[in-house]
Amino acid sequence: MKKLLGAEIFFESLYDLGIRTIFGLPGGYVLKIYDVMPSYAKKINHILTRHEQAATHMADGFSRASGLPGIILCTSGPAATNTVTGISTAYMDSVPMLILTGQVPTPFLGSDAFQEADHIGITRSTTKHNTLVRKTKDLPKAISEALHIANTGRKGPVLVDMPKDVLISESEYVMPKKVSLPNYNENPKTPKKSLSDFKNKLLQSKKPLLVFGRGSCYKENKKNISLFLKKYNIPSLTSLLSLGLVDSKDSFGMVGPHGSYSSSKLLEETDHLISVGCDIRKILRKKDLLKKNMTIVDIDKTVLDSTDKNNLSINISSINFIDFMLKNIGPYNTEWTHSFLKGLKNENVKKENKEISKNKKAFIFRKLSDILGDDVILCSDFSYDDVNLQQFYKFNDYKNSVLSGGNGTPGYGFPAAIGAKFSRPKNKVVSISSGNNFQFNMQEMIVALEQKLDLTVIVINEKSSNKNLKYKGPDFKLLAESFGAKAYQFSFDSKIESNLKKTLNLKGLILIEVIM
Amino acid sequence: MRHIISILVDNEPGVLARVSGLFTARGFNIESLCVAETENPSYSRLTLVTSGEDWIIDQIIKRFENMINVIKVVDLSESESIQRELLIARVIPTKTSRSEVLRVADIFRSNVIDVGPKSYALELTGTKDKLEAFVEILRPLGLKEVTRTGLVSIAREKKK
């Protein structure tokens, strides 16, 4: 068998595992990979980013918009430490991601060599798993295992550290036929009793309420959920990360302290809260959950609650659980009345409209939704001033909401939008950030221009509400133009809607600065 | 509450750091820790003793179970398992206490594993309490230094 370089084995493995797009930046210890890259250019598309943090967010956005794993390639030391924020973001929100880092040659490990950092140690607490490859022949096995771990069970980022000598020495390329991880259990065995217990508990409850989290965001579930909700007339809520899982016209909005009006009303009323793939105890205040009758369903045992006897915990994948609910719950009538639910929806619309008339940013989110309609991927990051305004955008597919949740990463939205565009090039992609957040990763505008992406970036330029910060944003229009993008500057006035309408559908990289 | 957690892990570098990292992340102290290869050389057994609220320990155990390198985790309760520790003590007795040291060693069924012109090295296996009692009695007799393994534990056979 012909011997290949470690760097060639790297590409062969990725290609055989179905990877077609990687995001990355070259550097000392991965130069061999970039040396051989031209001969793999037709097989694997490498997107050159300008910062490793942005590369991880791009891979993250790529993954959220498509469901495929995102891949990052970078070198050791500063590059690897730059990825930590992005890895952490993905870990918090269970996004499948593979981070491939270069490392100093194995004989120099731990010697404070040039650009050395202990990647395994640094990322141990922010990855699902990480591993160091010591021999070239082990590379295919390590990459396939890492990808399998990242993309199954409760998904998450996995890091593979590749020392330089592994990449420059030769070996035969043998991809193991099957991933064998005897200790890794991707699909938990669920005792039948817990499912029948759940059925009994549901049939006894008068006003059940379903809450779906990111753990339920699978294409198999989307259809089954809407069938189930229609069949039994049970109201449902979603978390920030699963906005769009339930169609906006059927959903009662987002759960949580910053959630919708109807969510808190429903929480008050319900006598059986069913949380599917959602870390509900992290989202809701303890006070709200006190003495609540709950069923917690999750693939990850750590989310379950075994201490409270009132709660039923089921360790099962959401796909199997929703399938079970749809097929096994016989005739059952809840005590939710049609008029109550309808009234709640109307009241919710009223409250939302009130918020929109008051809050300029909420207004922009709603207007975007009205102008753009479905099939638009919206990417946004955490805002310091107003939390969770993304809920004012009416999502109809969870794959269209690309938002940083648990980690609340500033500067996430824009690079994630670039990644999302690569995964679904036909869809329109819009990123919306506040001025301070946009500045975290604004250098990536050059990537969007280089790759000739059609991307709309909305930057909300406002003075900080904190007077002590003395924050003043740059002129984003001039900034974008200096990169070579088309840019527009509007102030928030009566013409804002028509101005947005005129500019939102332009081609190329468009930056729209809205001055509040 | 005190917990004895027995963890079967892959015998690989970095696994100990992964396990102990979970304790550091929560600000917990590990009271004792003992790691060694098992009858199967590809696995190691890690026995650790810690104290904490039950629900936090429960969380930590679930996290252990999620780790790729962890095969099995058991929270051994003190009544349903046997625990042993090993101690080696160096004693430099005075002229008058030389025979007394040997007598004490005899009472505790401790072995003399090294003898020099000035000192003895004594070995003792037993429960934590027994080892502590031994140390206290040796202290006035010229105890110089003590080294102890962590606690190791195995579950008792289930009563029918």
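1. So, the domain arrangement of chain B
All names here are of chain B.
1) Next: Here chain B is described as being made up of domain 1 (2-76) and domain 2 (82-155).
2) Next: Summing both sides of the interface, domain 1 and domain 2 together bury roughly 600 Å²; the carbon and sulfur share of this comes to 65%.
3) Next: Elements with a contribution of two residues or more to the side of domain 1 that touches domain 2: strand E1 (2-10), strand E2 (30-37) and strand E3 (43-51).
4) Next: At three residues, E2 tops the list of elements feeding residues into the side of domain 1 that touches domain 2.
5) Next: Partitioned by chemical class, the residues of the side of domain 1 that touches domain 2 number five nonpolar, two polar and one charged.

2. Focus: unusual backbone geometry
Residues and elements named next belong to chain A.
1) Next: Here aspartate 375, not a glycine, exhibits a phi torsion of approximately 65 degrees, which is positive.
2) Next: Judged by its relative accessible area of 54%, aspartate 375 is exposed.
3) Next: Despite not being glycine, lysine 452 shows a phi value in the positive range, around 55 degrees.
4) Next: Residue lysine 452 is classed as exposed on the basis of its relative accessible area, which comes to 72%.

3. Here's the deal with the sheet that holds strand E6 (residues 129-132) of chain A
Residue and element names in this part refer to chain A.
1) Next: Spatially, the six strands line up as an open sheet ordered E3-E2-E4-E5-E7-E6, and their pairing is parallel. The open sheet terminates on both sides in strands that have one partner only, identified here as strand E3 (45-48) and E6. Adjacent strand axes in the sheet meet at a mean angle of 20 degrees, parallel and antiparallel pairs treated alike.
2) Next: Pairing analysis gives four bridges linking strand E2 (residues 21-24) to E3, with the strands arranged parallel. What sits directly across from phenylalanine 23, in E3, is isoleucine 47.
3) Next: The sheet strands contacting helix H3 (residues 52-66) are E2, strand E4 (70-74) and strand E5 (97-103), and the helix crosses E4 at an angle near 165 degrees.
4) Next: Helix-sheet contacts for helix H5 (residues 84-92) involve E5 and strand E7 (157-163), and the interaxial angle to E7 is about 145 degrees.

4. Some words on the interface of chain B and chain A
1) Next: The interface is formed by 15 residues belonging to chain B together with 14 residues belonging to chain A.
2) Next: With both chains or domains summed, chain B and chain A bury close to 1400 Å², and 48% of this area falls on carbon and sulfur atoms.
3) Next: Per-residue buried area on chain B facing chain A is highest for Arg18, Lys62 and Ile68 of chain B; these three make up 49% of the total on that side.
4) Next: A salt bridge links glutamate 65 of chain B to lysine 301 of chain A; the nearest nitrogen and oxygen atoms lie 2.9 Å apart.
5) Next: Contributions of two or more residues to the side of chain B that touches chain A are made by helix H1 (15-25), helix H2 (54-66) and strand E4 (70-76) of chain B.
6) Next: Per element, the largest residue contribution to the side of chain B that touches chain A is seven residues, and it comes from H2 of chain B.
7) Next: Tallied by class, residues from the side of chain B that touches chain A come to five nonpolar, four polar and six charged.

5. As for the pattern of salt bridges
1) Next: This structure, assessed with the given rule, holds 27 salt bridges over all chains.
2) Next: Arginine 154 of chain A serves as the salt-bridge partner of aspartate 300 of chain A, at 2.9 Å between the closest nitrogen and oxygen. Residue aspartate 300 of chain A is found in the loop between strand E12 (294-298) and strand E13 (312-315), and its partner arginine 154 of chain A is found in the loop between helix H7 (139-151) and E7; the two are separated by 146 residues along the sequence.
3) Next: Two residues, lysine 128 of chain B and glutamate 132 of chain B, come together in a salt bridge whose shortest N-O distance is 3.9 Å. Within this pair, lysine 128 of chain B and its partner glutamate 132 of chain B are both found in helix H4 (residues 128-138), separated by four residues, close to a single helical turn.
4) Next: Residue classification places lysine 128 of chain B among the partly exposed residues on the basis of a relative accessible area of 34%.
5) Next: Among the charged side chains, a salt-bridge network with shared partners connects Asp60, Arg64 and Asp93 of chain A.

6. Brief notes about the side chain of threonine 503 of chain A
1) Next: Here threonine 503 of chain A lies in helix H21 (residues 496-504).
2) Next: Excluding residues that lie within four positions of it along the chain, threonine 503 of chain A makes contacts with Tyr488, Phe490, Ile510 and Ile512 of chain A.

7. Focus on the environment of tyrosine 120 of chain B
Residues and elements named next belong to chain B.
1) Next: With respect to the secondary-structure elements, tyrosine 120 resides in strand E7 (residues 120-126).
2) Next: Judged by relative accessible area, which is 8%, tyrosine 120 ranks as buried.
3) Next: Linking tyrosine 120 and valine 91, residues 29 residues apart in sequence, is a C-alpha distance of 5.4 Å.
4) Next: Setting aside residues up to four positions removed in sequence, tyrosine 120 forms contacts with Ala89, Arg90, Val91, Pro93, Arg98, Val101, Leu102, Val112, Asp114 and Val115.

8. Concerning the sheet that holds strand E9 (residues 208-212) of chain A
All names here are of chain A.
1) Next: Overall, parallel pairing links the five strands, which are arranged E10-E9-E11-E12-E13 in an open sheet. Either end of the sheet is taken by a strand with one partner, and the two such strands are strand E10 (236-238) and E13. Taking each pair of neighbouring strands and ignoring which way they run, the sheet shows an average axis angle of 15 degrees.
2) Next: Inspection of the sheet shows E9 paired to strand E11 (residues 272-276) by five bridges, in the parallel sense. Bridged to leucine 209 within E11 is leucine 273.
3) Next: Against the sheet, helix H14 (residues 318-328) engages E9, E11, E12 and E13, with an angle of about 135 degrees to E11.

9. Digging into the domain arrangement of chain A
Residues and elements named next belong to chain A.
1) Next: Segmenting chain A into domains produces domain 1 (3-172), domain 2 (192-343) and domain 3 (359-515).
2) Next: In this structure, domain 1 and domain 3 have C-alpha centres spaced 29 Å apart.
3) Next: Of the residues lining the interface, 23 residues belong to domain 1; the matching set on domain 3 comes to 27 residues.
4) Next: Surface buried jointly by domain 1 and domain 3 totals about 1900 Å² across both partners, of which 59% is contributed by carbon and sulfur atoms.
5) Next: On the domain 1 side of the interface with domain 3, the three residues burying the most area are Arg50, Arg64 and Ala65, jointly 29% of the side's total.

Quick notes on the rules
Residues numbered from 1 in each chain as written. Chains lettered and ligands numbered in written order. Predicted model: local features only at pLDDT ≥ 70, side-chain atom pairs only at ≥ 80, totals over all residues. Heavy atoms only, no water. Domains from an automatic or database assignment. Buried area = accessible area lost by both parts, 1.4 Å probe. Helix = DSSP H or I, 4+ residues; strand = E, 2+ residues; numbered from the N terminus. Nonpolar A, V, L, I, M, F, W, Y, C, P; charged D, E, K, R; others polar. Buried < 20%, exposed > 50% of the residue type's maximum accessible area, 1.4 Å probe, protein only. Pairing = 2+ DSSP bridges. Axes fitted to C-alpha atoms, helices over the stretch in contact; angles between N-to-C directions. Contact = heavy atoms within 4.5 Å. Salt bridge = Lys/Arg side-chain N within 4 Å of Asp/Glu carboxyl O.

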